[in-house]
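# Chains, contacts and geometry: an overview
Each chain, letter by letter, is given below.
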Amino acid sequence: MNLFGRIWLSYWLVMALTLGATLAISLALVEKRADDAVRTSPRAFAQAAQTALTRDGRDGLFLWVMGQRHAHPELQFYLVDDADHELLGRRVSGLALAGPGAQAPQRVTAPGGPAYRLLVRRTTNFSMGAWQLMLQPLVLGVLAVAISGAGSAALAHQLTRPVVRLRAGVRTIAAGDIEARMSPAIARRRDEVGGLARDIDRMTAHLRDLIESKEDLLRDISHELRSPLARLRIATSLLREERPGEGMAAFERIDREVERLDGLIGQVLAFSRVQAGPPMALDAVELTAVVEEAVHDARLEAECDGKRVTFADATLVFIRGDRALIASAVENVLRNAVRFGRPGAAVEVATGVVGAMARVRIADRGPGIPPSDLPRIFEPFFRTKTSSGVGLGLSIAERVLTLHGGRIAARNRAGGGLEVELLFPTAAGEDAPLANFDGTALP
Amino acid sequence: MRALDAADLAIPVLGRAARGATPGRVWTMEQTARILIVDDDEEFARMLGEFLGRQGFLVSRAGSGRAALTILETDTPDLIVLDIMMPEVDGLETLQKVRLERDLPIIMVTARGQARDRILGLELGADDYLAKPFDPHELAARIRAVLRRLHLAFRPRDPVCLGPLTLTPAAMSATLGGEDVRLTPAEFMVLEALAAQPGVMQTRESLTERALGRPLTAYDRSLDTHVSNLRRKLGLSSVAGVEIRAIRGGGYSLTLGEARR
């Protein structure tokens, strides 16, 4: 049960019980007082009336009755003279001068004055009747439950609203928007929730700094490692121009190694970026278009070696994630396939949908991987006895797939070659929290 | 130093005052092109200068962004090779400052190896981009491509009119529905190439050759960056109906006059 429900129900229960008990006790007290007054003191009322009448005559008695009506709203006082006229002019013809709750009339007389009969009884007139109806235990109970229910709901809402808004802010950050801040309305609060919001802001600021300094460091590393390579490349070009025709094979070798080192530096940096689980963008990405771009680039590369890349495209398929990372995963697997593929044979690329997963299948006709080594090919710098290392490309791809909640698998093909399958969750089949998060409808 | 945000950098490009004005000196095929290399890696710049010198260019060097700006106050090279990562005034800032004043062709180079640098550089109006380490022959080819393209651009040609879109090659300026669209030289060339065959799909290969004057290579996203900038700039106009469409299979086409609403 959520926080709102818990606070609401517990406050409601406590308030309903308290309210019910209080009302029940007051009701019992009022009843008891009325009964006591009626049962025990008609004589005392009569005596007081007698005193008033004796002292101030009829006006005195009138004032006394008015006073008693005020003092005892739960009781009615009737003073009827011998001609059956009521002192306050009320009709008494239908009045039972005896009955439940009524006492035998007391006589109130003054020496040499008129005589009255005093009737004291529990109120039965309409307005008091309504009040009594209200005091019925069942009605009271319903009222107590309704009022306390509404009150507790308001209270619970008041208490949980900042937490709900805090949660919305935290989810924005969790979805990768590291620049997001808690809403100022929350962060300004002086209570514990406000403190929590400010702490979260401090924490994300710290994270932001860490990520930024890591990015800066990676850029610096790239610069420091590639600058000597850039000088080396130019130096060999100069040397080559100075001695045309000499040591061609060696120069070409140097250029190739420089390129390899350059590629390796790029891979190490890319791997380091995905290894730390960077804050990821969660955009809707059209997978087939990403694959198409990678195929296009791979073709340009493959053509030089007399290799082919075929692409069986599917309908549009949308996944959610970081386009650059997804592209690098596809690109790394595809480059690997082109590199190991047999000249003349095609590298086959296909996209499609399998259940709730979007699938990219990249298959080559290369040497394949010994079955015992298959589980290990996604490890960094893994190498088999038969082939040179594949570097970090497959490890980067594996990491990217994991970050996106997908998976990667490799198997040997019948007839030779390796087949790598990349499975991404489709945007439609993603987890509910991500789908609800920004509320945007996916195409 | 903290990297500049795209938002900070976008304004000066759009507000470039000197658009349309011809540079002080226009390189012609017959002249020796003068190249300014701006790089804080002295040894690299020296060797690159030597290489380009042998390739027939006249080379001068600046060791920092600030030094480059000082040189540019009195001298106008035909093309600048600009390193991004330099202390104090870095390459992107230098590019921005140079672009505020004139349409000098600029090729950015960097060893930082990040796609964001390329996108920012091209958005700020760099004509091309190379990642270090590069084959110096490739740089020489790109320098020639940029210069040849500019040379062709300054040959007198009639303005092209396509619906609400008007391109004036002599001034490298474009208007859409009478409103000026501020384009970098490279963006202008891409738009002109697209406008040459409206409604027809042109491959990325042929567009790269026509507009950037060089063949398309693998993992080369320069053309796509230019196109995405163009789309944004054309989309800013209140006149609808001019669209650059991406075609499956790797190409683009310019479509006109199809009411979207």
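Above this text sits the structure in question.
Residues numbered from 1 in each chain as written. Chains lettered and ligands numbered in written order. Predicted model: local features only at pLDDT ≥ 70, side-chain atom pairs only at ≥ 80, totals over all residues.

### Quick look at the overall build of chain B
Basically, it comes down to this: Elements are defined by DSSP. Helices are runs of H or I of four residues or more, strands are runs of E of two residues or more, and each kind is numbered from the N terminus. Buried means a residue has 20 or more other C-beta atoms within 10 Å of its own C-beta, exposed means 12 or fewer, and partly exposed covers the counts in between; C-beta atoms are placed from the backbone. Two residues qualify as a contact pair if the distance between their C-beta atoms, derived from the backbone, is within 7 Å.
Looking only at helices and strands, chain B features nine helices and twelve strands. Every one of the 261 residues in chain B was classed for burial, and the buried ones make up 42%. Taking contacts inside chain B between residues at least 6 apart in sequence as the whole, the part at least 24 apart equals 63%.

### Some words on unusual backbone geometry
A cis amide bond, omega 0°, links Lys132(B) with the succeeding residue Pro133(B). For Pro133(B), the location among the structural elements is in the loop between β5 (128-131) and α6 (136-153). Phi angles above zero are rare outside glycine, and Phe381(A) is one such case at about 55°. Its place among the elements puts Phe381(A) in the loop between β8 (357-363) and α10 (393-403). Notably, Glu88(B) is not glycine yet its phi reads approximately 60°, a positive angle. Mapped onto the elements of the fold, Glu88(B) is located in the loop between β3 (79-83) and α4 (91-101).

### Section: the interface of chain B and chain A
How big an interface is tends to be stated in terms of the accessible area lost upon association of its parts. This is how it is decided: In this classification, Asp, Glu, Lys and Arg are treated as charged, Ala, Val, Leu, Ile, Met, Phe, Trp, Tyr, Cys and Pro as nonpolar, and every other residue, Gly included, as polar.
Each partner contributes residues to the interface: chain B has 26 residues there, and chain A has 24 residues. Secondary-structure elements contributing two or more residues to the side of chain B that touches chain A are α2 (42-54) and α6 of chain B. Sort the elements by how many residues they give to the side of chain B that touches chain A and α2(B) lands first, with seven residues. Tallied by class, the residues present in the side of chain B that touches chain A amount to 13 nonpolar, five polar and eight charged.

### Comments concerning the nonpolar core
In plain terms, the rule: A set of buried residues qualifies as a nonpolar core if it consists of Ala, Val, Leu, Ile, Met, Phe, Trp, Tyr and Cys joined through C-beta atoms within 7 Å.
Of all hydrophobic cores here, the largest spans 44 residues; its most connected members are Ile35(B), Ile106(B), Ile107(B) and Met108(B). Looking at this core, the element that brings in the most residues is α2(B), giving six residues. Discounting chain neighbours no more than four positions away, the residues touching Ile35(B) are Leu52(B), Phe57(B), Leu58(B), Val59(B), Pro77(B), Asp78(B), Leu79(B), Val81(B) and Ile143(B). In terms of nonpolar packing, the next biggest core, distinct from the first, is built from 43 residues, Ala270(A), Ala337(A), Leu401(A) and Leu418(A) among them.

### Some points on the sheet that holds strand β2 (residues 58-62) of chain B
Residues and elements named next belong to chain B. Let me state the cut-off plainly: When DSSP finds two or more bridges between a pair of strands, those strands are recorded as paired. Axis definition: a line fitted to C-alpha atoms, over the contacting stretch in the case of helices. Angles run 0 to 180 degrees between N-to-C directions.
With respect to topology, five strands assemble into an open sheet ordered β2-β1-β3-β4-β5, the strand pairing being parallel. On the outer flanks of this sheet lie β2 and β5, each paired with one strand and no other. For this sheet, the mean inter-axis angle between neighbouring strands, taken without regard to orientation, is 20°. Direction of pairing for strand β1 (residues 34-38) relative to β3: parallel, over a ladder of four bridges. Bridge pairing in β3 places isoleucine 37 opposite valine 81. Against the sheet, helix α3 (residues 65-74) touches β1 and β2, its axis set at about 150° to β1.

### Points about the environment of Leu124(B)
Its location among the elements puts Leu124(B) in the loop between α5 (115-123) and β5. C-alpha of Leu124(B) to C-alpha of Leu95(B): the two residues are 29 residues apart in sequence and 7.2 Å apart in space.

### Some thoughts on helix α7 (residues 185-195) of chain B
α7(B) sits mainly inside the fold: nine of its eleven residues count as buried. Within α7(B), the full set of buried residues consists of Pro185(B), Ala186(B), Glu187(B), Phe188(B), Met189(B), Val190(B), Leu191(B), Ala193(B) and Leu194(B).

Purely geometric numbers; function is a separate question.
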